[in-house]
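What follows is each chain in one-letter form.
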4 protein chains.
Amino acid sequence: MESSYEYGDVNNMVESLKDHTVTPRTEEEKEKVMNRLKRIEGQVRGIQNMIDEDRYCVDILVQISAIQSALKNVGYSVTERHMKHCVTDAVNKGEGDDSIEELMAVLKQFSK
Amino acid sequence: MESSYEYGDVNNMVESLKDHTVTPRTEEEKEKVMNRLKRIEGQVRGIQNMIDEDRYCVDILVQISAIQSALKNVGYSVTERHMKHCVTDAVNKGEGDDSIEELMAVLKQFSK
Amino acid sequence: MESSYEYGDVNNMVESLKDHTVTPRTEEEKEKVMNRLKRIEGQVRGIQNMIDEDRYCVDILVQISAIQSALKNVGYSVTERHMKHCVTDAVNKGEGDDSIEELMAVLKQFSK
Amino acid sequence: MESSYEYGDVNNMVESLKDHTVTPRTEEEKEKVMNRLKRIEGQVRGIQNMIDEDRYCVDILVQISAIQSALKNVGYSVTERHMKHCVTDAVNKGEGDDSIEELMAVLKQFSK
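1. Re the side chain of H82 of chain A
Part 1 of the argument: Relative to the elements of secondary structure, H82 of chain A occurs in helix α3 (residues 57–92).
Part 2 of the argument: H82 of chain A sits in the buried class, given a relative accessible area of 0%.
Part 3 of the argument: Setting aside residues up to four positions removed in sequence, H82 of chain A forms contacts with V87, E102 and L103 of chain A together with Y56, C57 and V58 of chain B.

Listed below in structure tokens is the structure:
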């Protein structure tokens, strides 16, 4: 209801591209992203506490902005890895343009 | 480390303004925000699972973008409430400009 | 065609609110905003030259990002002035909530 | 003064990458981007008139947000072209990672 995003087109493209063999993340890579996401999860719970304790709105906004920034950084790191592996593989197979168009569709959502 | 945000100035201003009596959220208001934040928390855990299962990067990016959008909506609703209560009270007391400057400083972070 | 923004609701609200007497900008204020906007106009022409000269895409993106940042700053300064004058006046007349809702609708567009 | 962006790193990378032979834009491509940029230039001048005529702040903010959106679209189209030509060429020469890191550095600025 709240979200007016249309993922239709993106999802269709995804269907055709996500069967590519993907270089799995190493344990170290996984752990690094996981730690960031757990920290973000903790920050979201922190905001729940702030709401519960009737904390000052501006303090809450500062925390929300910190989470936005942390999520963006995860997004950038996923995007970079995607380009270095999936998009690069697709280019090498001569299917780069489809892969690039798929990524662009998502970046447009992402930086909204 | 990852975040290059400087909350220094904001925090100083906050000190001077957050002692204002705040209209506490009603139980209904609290519940509504809480539900949104719990959904966001669940979405963050969902991404952890996606990383764990080596899901396709683009699918992960779509989810991150959905969380960004949900967090923004929480931010807007907190901002609107803040303006209708805290900023309005400050204006009525003749202290509106300080309150507005404080809010602007946070909005600049928020929409980064 | 490219823009999917719907200004309908905003515009309707604007109709009812923009008849408020507005504190006109001083000559100094006007000049300051004008100078920023002229600089932005020059930057946009600069990008046209870069396209014309087949300059490197990344250089062009850096310039676009600089304009985005400059435009955001103009937007913030207009928003701050709006809150300090129009919204404050509306609050003083007991019509603050309408004015705040109108501003929120625009801020949601603005930070997209 | 207003901009706190640091282009240092980006610019250094650019030095090493922008010597790559670039597929020049066709006349048609150039014309399309030029038309968009001229429209944006006109919109920026339009805001100058609005300031000059003391138009309602919210109307001005709506126009600024329209320009932001138009500029973003130019940025996306430049980014997509860059990926399909420059990044793809770099991948084919085995220098993809540098090109991707350069692009990521700019995207981080761009979506700020």
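So, next bit.
2. Notes on the relation of the copies chain A and chain B
Part 1 of the argument: For the pair chain A and chain B, the best superposition has an RMSD of 0.0 Å and corresponds to a rotation of 180° with a translation of 0.0 Å parallel to the axis. Accordingly, the operation relating the two chain copies is best matched by a two-fold axis. Of the C-alpha atoms belonging to chain A, the one lying closest to the rotation axis is found on E41 of chain A, 2.9 Å away.
Part 2 of the argument: Both copies present the same face, since 100% of the interface residues in chain A are matched by interface residues at the equivalent positions in chain B.

3. Describing helix α2 (residues 27–52) of chain C
Part 1 of the argument: End to end, α2 of chain C covers 37 Å across 26 residues, agreeing with the expected 38 Å (1.5 Å per residue, within 8%).
Part 2 of the argument: Of all the residues in α2 of chain C, the buried ones are K30, V33, M34, R36, L37, I40, E41, V44, I47, Q48, M50 and I51 of chain C.
Part 3 of the argument: Elements in contact with the buried residues of α2 of chain C: α3 (57–92) of chain C together with α2 (27–52) of chain D.
Part 4 of the argument: Two residues or fewer after α2 of chain C comes D54 of chain C, characterised by a positive phi angle close to 55°.

4. Thoughts on the interface of chain A and chain B
Interface size is commonly expressed as the accessible surface area that is lost when the partners come together.
Part 1 of the argument: Between chain A and chain B, the contact holds 56 residues from the first and 56 residues from the second.
Part 2 of the argument: Taken together, the two surfaces of chain A and chain B that pack against each other cover about 5400 Å², and 66% of this comes from carbon and sulfur.
Part 3 of the argument: Ranking the residues of chain A by area buried against chain B places I51, Y56 and L61 of chain A at the top, with a combined share of 13%.
Part 4 of the argument: The tally of links between chain A and chain B comes to 4 salt bridges.
Part 5 of the argument: In this structure, the salt-bridge partner of K30 of chain B is D54 of chain A, at a minimum N-O distance of 3.7 Å.
Part 6 of the argument: In this structure, the connection of chain A to chain B is made through 12 residue pairs in polar contact (both at pLDDT 80 or more).

5. Section: the confidence of the model for chain A
Part 1 of the argument: In the predicted model, chain A carries a mean pLDDT of 84, and 79% of its residues have values of at least 70.
Part 2 of the argument: Contacts of residues 1–15 of chain A to residues separated by more than four positions or lying in other chains number 25 contacts, the stretch itself having pLDDT below 50.

Rules of the game
- Residues numbered from 1 in each chain as written.
- Chains lettered and ligands numbered in written order.
- Predicted model: local features only at pLDDT ≥ 70, side-chain atom pairs only at ≥ 80, totals over all residues.
- Heavy atoms only, no water.
- Helix = DSSP H or I, 4+ residues; strand = E, 2+ residues; numbered from the N terminus.
- Buried < 20%, exposed > 50% of the residue type's maximum accessible area, 1.4 Å probe, protein only.
- Contact = heavy atoms within 4.5 Å.
- Least-squares fit on C-alpha atoms with pLDDT ≥ 70 in both.
- Expected span 1.5 Å × (residues − 1).
- Buried area = accessible area lost by both parts, 1.4 Å probe.
- Salt bridge = Lys/Arg side-chain N within 4 Å of Asp/Glu carboxyl O.
- Polar contact = N/O pair within 3.5 Å; in protein donor to acceptor, adjacent residues only side chain to side chain.
- pLDDT = per-residue confidence, 0-100.

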